[in-house]
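Topology and contacts: notes
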Amino acid sequence: VPKVKVIHSGLEREVMVPAGGSILDAAVAAGVPVEGTCGGKGTCGKCRVRLISGRAVDPTPAETRQIPPEKLSAGWVLACQRPVADGLAIRVETAVESGPGKESLEGVAAVVAAEPVVEKHFLRLAAPTVDDQQPDLERLLSGLPLDGVLAGPGVLANLPRTLRESGFEVTAVLAGRRLLAVEPGDTTGRSFGLALDLGTTTLAGYLVDLGTGKTLAASSLSNPQRSLGADVISRINHVSENPGGLRQLQEMVLEALNRLIEDLLSGGAVAAEEVYEAVVVGNTTMAHLFLGIDPSYLAPAPFIPAFRRPLEVTAGELGLAMHPGARVLMLPNIAGYVGSDTVGVMTATGLDRNQGWRLAVDIGTNGEVVLAGGGRILTCSTAAGPAFEGAHIRHGMRAARGAIESVKMDQEVTLGTIGGAAPAGICGSGLIDAVAGMLRAGVINPSGRLADPATGAAHLPPGLRDRLRKTEGGSEFILASGSQSAAGEDIAITQKDLRELQLAKGAILAGIRILLGEAGITAGEISEVYLAGAFGNFISRASAVAIGLLPDIPLERIIPVGNAAGDGARLALISRTERERALSLADRAEHVELSARRDFQDLFVQALYFPG
Ligand code: FES
């Protein structure tokens, strides 16, 4: 079995990878998640690593296409294209950032009264005597203010000792009618829960005080499964093509969640045993992978998930770093590509509660659309593809340090980057801004074609004209030159990037139009549009309308709501009423399967055009 050395930010690890495996497999095995956007097809160029030692081999055709010549000669290769060989050493310069990120403590959701499912009762029990021979469990249960409480043997294991060592003064922890734990003394002031949002690109978590309903800590991590593909389809394929693939993906997400939980707990000084419940949302594929359920039949039509209803497991069964008896509730999904994260968005935005028609668009790796009004809730999902998360875009990246997040374009180009760092790539909001600016300036026409620098750019101001360049694949527009950028390479928007963006935004707009048609209303009748998703807060509303991601709606009706999916999970964690509501919203939703609609294709083709 070949041994490979993986070096990343000062750490060195040697891993064994079965012959026939790739360098990408070695990096994954070493716990250094390299970006594997295209799922190892050699088409995205994001899995670049540097060979330090090992046989010099000619570049593969994919490498010649994806890596500039000066980097090829410096030893850069595509990790997914290179089989492992004994004695190989690689250096990973940029990995999927795996450190915790910031999530907002405050959400858009209305503040609700804490009404948790987990309750604590402090009991002062009489000690047994020869005249009072009641067994320990019965003694405890008879002290509780409610009947019919069930207790498993797990809770009983230490009960006799706990009772006696605490002088029969204990706190019973109940999850509904299930006895979860018995703790010595009065611990009624300490009861915590987790809300988790499993995104294809990002895992987000919130630590909540169940007594007050307050969020104590919020954090996020990049989903390490990204090494095996940026979108859910490549991960489903990984499961169907590799025995052990399901287990591998499940372990990746659980291991990352435990890191996330550790981060949340250390921030709030809470012990894992004090976390008694988790409510989890995620897209349908992530829900399968998290629970270890085969998602293979989600990929081909008719896109059937293994389950729809809410599912419950214990933290102990999954190996999550919480109280082992804690219940982990996965909220229900709606369809193969409309998951419990959309149920979370509906819950948090109160979409169904108000008068008039409301639209929610969750732009992540997929685009989910919900239209509610007139007593109906319609949903659809569009295979938007992960363009907005930076995948399939030559210099695309997730919204992390150095990402170009805003672009102003008039006579010149002004860039805003996350953290004010040197530009490292473009994230979704930056891409949308850039394209809106290019459209306005005439760098591209409404069909999405970039001006030809030789023959079609005379009308442009020199500050823009000089950024256009002809390449083999068509024209491209340079946003940041190599001298400005973090990696010393030009950061450009290519003709192919524009096509990817058009596909993504076209799919979302066509999905919105189908739902409008289904409801029999026009875009003008929508009173509010909620823009959810990781970058919903950063996206410029004007740019979103300018590129035709959203229909032409007055900007003041568009409300960015950030991670509304996670907010919905928080509400369902804090409040039984909200939990019931989330479950009924999922039941009420009418899913419109776009692939079954004859009119979708025409609307999609129309929606590929930029307005103008
Ligand atoms: S080129 Fe290697 S994962 Fe895409």
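In case you missed it, the structure is sitting above this.
Residues numbered from 1 in each chain as written. Predicted model: local features only at pLDDT ≥ 70, side-chain atom pairs only at ≥ 80, totals over all residues. Heavy atoms only, no water.

Structural notes on helix 12 (residues 428-441)
We count it as follows: Put simply, DSSP marks the helices as runs of H or I at least four residues long and the strands as runs of E at least two long, and each gets a number from the N terminus on. Take the residue count of a helix, subtract one, and multiply by 1.5 Å to get its expected span. Relative accessible area decides the class of each residue, using a 1.4 Å probe on protein chains only: under 20% of the type maximum gives buried, over 50% gives exposed, and in between gives partly exposed. Should any heavy atoms of two residues lie within 4.5 Å, those residues are counted as being in contact.
With 14 residues, helix 12 ought to run about 20 Å at 1.5 Å a step, and its terminal C-alpha atoms sit 20 Å apart, in line with that. Burial within helix 12 is extensive, with 12 of its 14 residues counted as buried. Looking at the packing, one finds that the buried side of helix 12 touches strand 19 (403-409), strand 21 (425-426), strand 23 (474-480), strand 24 (491-494), helix 14 (495-519) and helix 15 (541-546). Phi turns positive one or two residues past the end of helix 12, at Gly-442, with a value near 85 degrees.

Brief notes about the sheet that holds strand 20 (residues 413-417)
Note the threshold: What makes two strands pair is DSSP finding at least two bridges between them. For every element, the axis is a line fit to its C-alpha atoms; helices are fit only across the contacting stretch, and the angle between N-to-C directions ranges from 0 to 180 degrees.
Reading across from one edge, 20-19-21 is the order of the three strands in this open sheet, with mixed pairing throughout. Of all the strands in the sheet, the pair left with one neighbour each is strand 20 and strand 21. Running over the sheet, helix 12 touches strand 19 and strand 21 and is turned about 20 degrees from strand 19.

A few points about the nonpolar core
In a soluble, globular protein the nonpolar side chains are often hidden away together inside. Formally: Definition used in this section: a nonpolar core is a set of buried Ala, Val, Leu, Ile, Met, Phe, Trp, Tyr and Cys residues joined via side-chain atoms within 4.5 Å.
Counting residues in each nonpolar core, the largest one holds 67 residues, and the members touching the most others are Val-361, Phe-477, Leu-479, Leu-549 and Leu-550. Ranked by residue count, the leading element in this core is helix 14, at 12 residues. With residues up to four places along the chain from it excluded, the contact list for Val-361 reads Glu-368, Val-369, Ile-508, Ile-512, Tyr-530, Leu-531, Ala-532 and Leu-550. Among the nonpolar cores identified, the runner-up in size contains 41 residues, and Val-173, Leu-210, Leu-329 and Ala-360 belong to it.

Digging into the pairing of strand 13 (residues 275-282)
Here strand 13 lies mainly inside the structure; eight of its eight residues are buried. As judged from the seven bridges shared by strand 10 (residues 192-198) and strand 13, these two strands associate in the parallel manner. Following the sheet pairing, Leu-196 is matched in strand 13 by Val-280. Judged from the four bridges that link them, strand 13 and strand 15 (residues 327-330) form a sheet pairing that is parallel. Bridged to Ala-278 within strand 15 is Val-328.

Details of unusual backbone geometry
Cis rather than trans, the peptide bond between Ala-301 and Pro-302 has omega equal to 5 degrees. Topologically, Pro-302 is positioned in the loop between helix 9 (284-291) and strand 14 (311-314). The residue Phe-168 is not glycine, and still its phi comes out positive at about 65 degrees. Tracing the backbone shows Phe-168 in the loop between helix 6 (159-165) and strand 8 (169-175). For Phe-303, which is not a glycine, the phi torsion comes out positive at approximately 60 degrees. Mapped onto the fold, Phe-303 is located in the loop between helix 9 and strand 14.

Points about the packing of aromatic side chains
This is how the line gets drawn: In this scheme Phe, Tyr and Trp rings, the latter by its six-membered ring, pair at centre separations within 6.5 Å, and the angle between planes marks the pair as stacked below 30 degrees, edge-to-face above 60, and tilted otherwise. Note on criteria: charge over ring means Lys NZ or Arg CZ within 6 Å of the ring centre, with the direction from the centre no more than 35 degrees off the ring normal.
If you walk through the whole model with that rule in mind, you get two aromatic pairs. Relative to Tyr-337, the ring of Phe-303 has its centre 6.0 Å away and its plane inclined at 80 degrees; by these criteria the two rings are edge-to-face. Of this pair, Phe-303 sits in the loop between helix 9 and strand 14 while Tyr-337 sits in the loop between strand 15 and helix 11 (340-349), and the two are 34 residues apart along the sequence. Note on Tyr-337: relative accessible area 16%, which makes it buried. Where Phe-600 meets Phe-604, the ring centres are 5.8 Å apart and the plane angle is 10 degrees; that geometry is what we call stacked. Taken as a pair, Phe-600 and Phe-604 lie in helix 18 (residues 600-607) at a separation of four residues, close to a single helical turn. The same class applies to Phe-600 as to Phe-604, namely buried. Lys-71 extends its terminal NZ or CZ atom over the ring of Trp-76, reaching a point 4.9 Å from the ring centre. Arg-570 extends its terminal NZ or CZ atom over the ring of Tyr-206, reaching a point 4.1 Å from the ring centre.

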